[in-house]
Amino acid sequence: MAAEVMLMNEIEAKAASMGIDLNIDFNSIQLPRGEDCGIVSDDEDVYHDDQLEFDSGFGNVIVVDNLPVVPREKFEKLEGVIRKIYSQIGVIKEDGLWMPVDPETKKTLGYCFIEYNTPQEAELAKEKTNGYKLDRAHIFAVNMFDDFDKYMRVPDEWAPPEIKPYTPGENLQKWLTDEKARDQFVIRAGTDTEVLWNDARQSKTELVYKRTYWTESFVQWSPLGTYLATVHRQGAAVWGGANTFNRLMRYAHPQVKLIDFSPGEKFLVTYSSHEPSNPRDANRVVINIFDVRTGKVMRDFKGSADEFTIGGAGGVAGVSWPVFRWGGGKEDKYFAKLGKNMISVYETETFSLIDKKSLKVENVVDFSWSPTDPILALFVPELGGGNQPARVSLVQIPSKVELRQKNLFSVSDCKMYWQSNGEYLAVKADRYTKTKKSTYTGFELFRIKERDIPIEVLELDNKNDKIIAFAWEPKGHRFAVIHGDNPRPDISFYSMKSSHNLGRVSKLTTLKGKQANALFWSPGGRFIVLAGLKGFNGQLEFFNVDELETMATAEHFMATDIEWDPTGRYVATAVTSVHEMENGFNIWSFHGKLLYRILKDHFFQFLWRPRPPSFLSAEKEEEILKYLKKYSKKYDAEDQDVSMLLSEQDREKRRMLKEEWEKWISEWRRASEEEKLERQKLRDGEASDEEEEYEAKEVEVEEILDFSEEVLFEE
């Protein structure tokens, strides 16, 4: 008490020295009403969303009703059964299971409370076990503890619900109605993320939206371009809107590292390598599948990292990504995961295994879905020292019927490439020679849409050539192969249709000695960029496959990424921050003309915004192509207007440069006139400034080169 008095005396003395009156009537102070005193938080998330999330504090507790009523001697057995059921869904807190007992009868009351570590686990437990049949007489009724407060507020008398006026939602496809038919792309440089229009006809970009610290790692467009996803420590979020980018939904997943959309944008898969309820176990993997629109967790998968490292091309900490691969086209009907001696195929109606069991395939090491149909292509390597050949199988889902199988002998490795329409499957097989000391490569070409799925074998003219790259023409019947040895391999083009026989593969041409190691087809086919990345320093060749001719060659020094816009009109080449210099991107026309260049320090990402597929039928598209000149008149006029505008801009630029030049000349002439008298004096009165009117005279000048003193005699 004495210490408090001394402290108060010090405060009063300090206040008196500063002229502060401590005798304040607190009743006279009027604060604005409300918990925030009328001051709205700058953090919209904290003020609104999180306020709703943490109102009660019991979001991780569920109530399980319709349990058996048992005496004390059966209490432990019942508790063990309940704990076994609910521990499979999430981690129950210590002392987190409580079954009330009637103090008079000493029997349970037929319900219990279960407390999980996270609200997400509690929500999932409610969803998975509500209606669970323990036996004939006991069917669980599960509710969130927080819901009881809501139920208690239900009035005793019914009142008709209030009918709210309809308010249309935001048009998330508004960007597709751009009058100039431009495309958007997103870039990340430093701490900034920008969405831009590609205004190629004006040779510039136009800003749509810019935000600093928008994401903590990367951004990703959804497959149809509706959403832009960002990644944060608390989870992922998607953004979109008619005129700007508003946050549409959040997906809670702490420490999320990777995300993946289903092809039809219905679901979002998130990945983290630890579990919030068990932070000490850093080797745990958690994968959530969210409904994109509602943000609801449809299914989660948890386990050790070893369970998710089988197959795939690598991801985070050895886990292949995506772990789940989607099938069934844009309908998002199926997703599958590679396991040991099996492929687990799930359907999205119930998010459970098809037929409640995995597809058993001994020693399967890889699989891929047809882009358009529910067909799995799987690869099983050679076993038993060659006694059991390798094989590629096509399996129909959900029936799991094998449509076609091809045995492959002496195979060391295999890779599968689907054509975008699902019409063809190319299997690149690396085979051992007879001596087993080297390998050569051939292709097995499956014609998926034809009767009995015929298979063709293709070998290169020099079958010992190393295959550097392979790529199908989108929506087409051609493919390209880079083969041979660096630094100048060859590039061959093939067609699945020959002029004489539609069912035979034929070679179109081979380009000799090209500085290329990557192939980039236009989304519409016909055109391809032959690119030399990494060691080839960004060599580019724009090639017309219809005419089999080169349209242009160019270079983007140190280019790391190349991406066509979704319409096939423009190509972006980028140098990301893996190189310290020349970070930024170039935009090219489809035939190789450089349209403009943007330099950005610490440049990380460039992504075109995808476009959804056309609603037009194939017949309608053919009709448009037939009468294209009729449809293009409007755009030809616009192009002419743009051309005239650009010409006018060029003329204006030249006029300004000419004016600047004339102004510069005028300034120097004026300065010359002002200094004329000084020049005459320096020339002994000669007035002319013309050099040819003067005579050159030789003048002898004596110059002392060195001087020294020397004492000759010293007395």
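All chains use their own residue numbering, which begins from 1 and follows the written sequence. Predicted model: local features are reported for residues with pLDDT of at least 70 only, side-chain atom pairs are reported and counted for 80 or more only, and whole-chain, interface and lining totals are derived from all residues. Side-chain measures here rest on the full set of heavy atoms in the structure, leaving out hydrogens and waters.

Operational definition: UniProt positions are given in the numbering used here, feature names are shortened, and annotations may be inferred rather than shown by experiment.
Looking at an unreviewed UniProt entry, the protein carries the name Eukaryotic translation initiation factor 3 subunit B, with the source organism given as Gossypium anomalum. Taken verbatim from the UniProt record of the protein, the Sequence similarities (unreviewed entry) comment is "Belongs to the eIF-3 subunit B family." Quoted verbatim from the Subunit (unreviewed entry) field of the UniProt record, the comment on the protein reads "Component of the eukaryotic translation initiation factor 3 (eIF-3) complex."

Here we look at the overall build of the protein
Note the cut-off: Per the convention used, a helix needs a DSSP run of H or I reaching at least four residues, while a strand needs a run of E reaching at least two, with both numbered from the N terminus. Burial status follows relative accessibility: with a 1.4 Å probe on protein chains alone, a residue under 20% of its type maximum counts as buried, one over 50% as exposed, and anything between as partly exposed. For the accessible areas, the method is Shrake-Rupley and the probe is 1.4 Å, while residue cover comes only from the protein chains on display.
Secondary structure assignment for the protein yields eight helices and 45 strands. Taken over 715 residues, the protein has a buried fraction of 39%. If you sum the accessible surface of the protein, you get close to 44,500 Å²; carbon and sulfur atoms cover 51% of it.

Section: the environment of Ile-114
What counts is decided by this rule: Only heavy atoms enter the contact rule, under which two residues are in contact if any of them lie within 4.5 Å.
Residue placement: Ile-114 occurs in strand β3 (residues 111-116). With 11 residues separating them in the primary sequence, Ile-114 and Ala-125 have C-alpha atoms 9.8 Å apart. Non-local contacts of Ile-114, meaning those with residues more than four positions away in its chain, are made with Asn-60, Val-61, Ile-62, Val-64, Ile-82, Tyr-86, Ile-92, Gly-96 and Leu-97.

Focus: the pattern of salt bridges
Threshold: Criterion for a salt bridge: a side-chain nitrogen of Lys or Arg within 4 Å of a carboxyl oxygen of Asp or Glu.
Within the structure shown, the criterion is met by 35 salt bridges. Across the pair Asp-178 and Arg-182 runs a salt bridge whose closest N-O atoms are separated by 3.0 Å. What makes Asp-178 buried here is its relative accessible area of 18%. Connected through shared salt-bridge partners, Asp-178, Lys-180, Arg-182, Asp-199 and Glu-206 make up one network.

Notes on the nonpolar core
Operational definition: Residues enter a nonpolar core if they are buried and are Ala, Val, Leu, Ile, Met, Phe, Trp, Tyr or Cys, with the set joined through side-chain atoms within 4.5 Å.
With 22 residues, the main nonpolar core has Ile-62, Val-64, Ile-82, Tyr-86, Cys-112, Ile-114 and Tyr-116 as its most contacted residues. Among the elements of the structure, β1 (61-65), α3 (75-87), β2 (92-98), β3, α4 (119-129) and β6 (141-144) are those that each provide at least two residues to this core. No other element matches the five residues that α3 contributes to this core. Ignoring anything within four residues of it in the chain, the contact list for Tyr-116 reads Asn-60, Ile-62, Tyr-86, Ile-89, Gly-90, Val-91, Ile-92, Lys-93, Glu-121, Ala-122 and Ala-125. Ranked by size, the runner-up nonpolar core spans 19 residues in total, among them Phe-267, Ile-287, Phe-301 and Trp-321.

A look at the sheet that holds strand β41 (residues 561-564)
Worth spelling out the cut-off: Note on pairing: two strands pair once DSSP finds at least 2 bridges between them. Axis angles are defined between N-to-C directions and span 0 to 180 degrees, where every axis is a line fitted to C-alpha atoms and, for a helix, only to the segment in contact.
Reading across from one edge, β41-β42-β43-β44 is the order of the four strands in this open sheet, with antiparallel pairing throughout. Across the chains shown, the open sheet's two edge strands, defined by having one partner strand only, are β41 and β44 (594-599). Strand-to-strand twist in this sheet, taken as the mean axis angle between neighbours without regard to direction, amounts to 15°. Of the pairings in the sheet, the one linking β41 to strand β42 (residues 570-575) comprises four bridges and is antiparallel in character. By the bridge assignment, Glu-563 is partnered in β42 with Ala-572.

Some words on unusual backbone geometry
Ile-397 connects to Pro-398 through a cis peptide bond whose omega is 10°. Examined against the element boundaries, Pro-398 turns out to sit in the loop between β27 (390-396) and β28 (401-408). A positive phi angle is found at Ile-453, which is not glycine, with a value near 50°. Although it is not a glycine, Glu-582 sits at a positive phi angle of roughly 60°. Among the structural elements, Glu-582 can be located in the loop between β42 and β43 (584-589). Relative accessible area serves as the criterion here: at 36%, Glu-582 is assigned to the partly exposed category.

Remarks on α3
In plain terms, the rule: By this rule the span expected of a helix is its residue count minus one, scaled by 1.5 Å. Summarising the geometry, the arc corresponds to the directions from the helix axis toward the C-beta atoms.
Relative to the 18 Å expected for 13 residues at 1.5 Å per residue, α3 spans 18 Å between its end C-alpha atoms, a close match to the ideal helical length. Buried within α3 are the following residues: Phe-75, Leu-78, Ile-82, Ile-85 and Tyr-86. The buried residues of α3 occupy an angular sector of 105° when projected down its axis, which confines them to one face. Relative to its buried face, α3 has exposed residues pointing more than 90 degrees away, namely Glu-76, Lys-77 and Lys-84. Looking at the buried side of α3, the elements it contacts are β1, β2, β3, α4, β4 (133-135) and β6.

A closer look at the sheet that holds strand β29 (residues 411-418)
What holds strands together in a sheet is hydrogen bonding between their backbones, with the strands either parallel or antiparallel. The antiparallel open sheet is built from four strands, whose spatial order is β29-β30-β31-β32. The sheet is open, and its two borders are formed by β29 and β32 (455-459), each paired with just one other strand. Averaged over all pairs of adjacent strands, the angle between strand axes in this sheet comes to 20°, irrespective of strand direction. Where β29 lies against strand β30 (residues 424-432), seven bridges are found, and the strand directions are antiparallel. Residue pairing across strands places Lys-415 opposite Lys-428, the latter belonging to β30.

Points about the confidence of the model for the protein
Which entries qualify depends on this criterion: Every residue gets a pLDDT, meaning the predictor's confidence in that residue, from 0 to 100.
Predicted confidence across the protein gives a mean pLDDT of 85, with 83% of residues reaching 70 or more. Long-range and interchain partners of residues 40-56, a stretch whose pLDDT sits below 50, account for 14 contacts in this model, where long-range means more than four residues apart. Across residues 311-315 the pLDDT falls below 50, and counting only partners more than four positions away or on other chains, this stretch makes 12 contacts in the model.

A few points about a nonpolar patch on the surface
Selection criterion: Patch rule: a residue counts if its relative accessible area is over 30% and it has no salt bridge; like charges are joined within 9 Å, and nonpolar side chains (Val, Leu, Ile, Met, Phe, Trp, Tyr) within 5 Å.
A cluster of nonpolar side chains, contributed by Leu-625, Tyr-627, Leu-628 and Tyr-631, occupies part of the molecular surface with about 420 Å² of accessible area. Structurally, the position occupied by Leu-628 is in helix α7 (residues 628-674). By relative accessible area, which is 45% here, Leu-628 ends up partly exposed.

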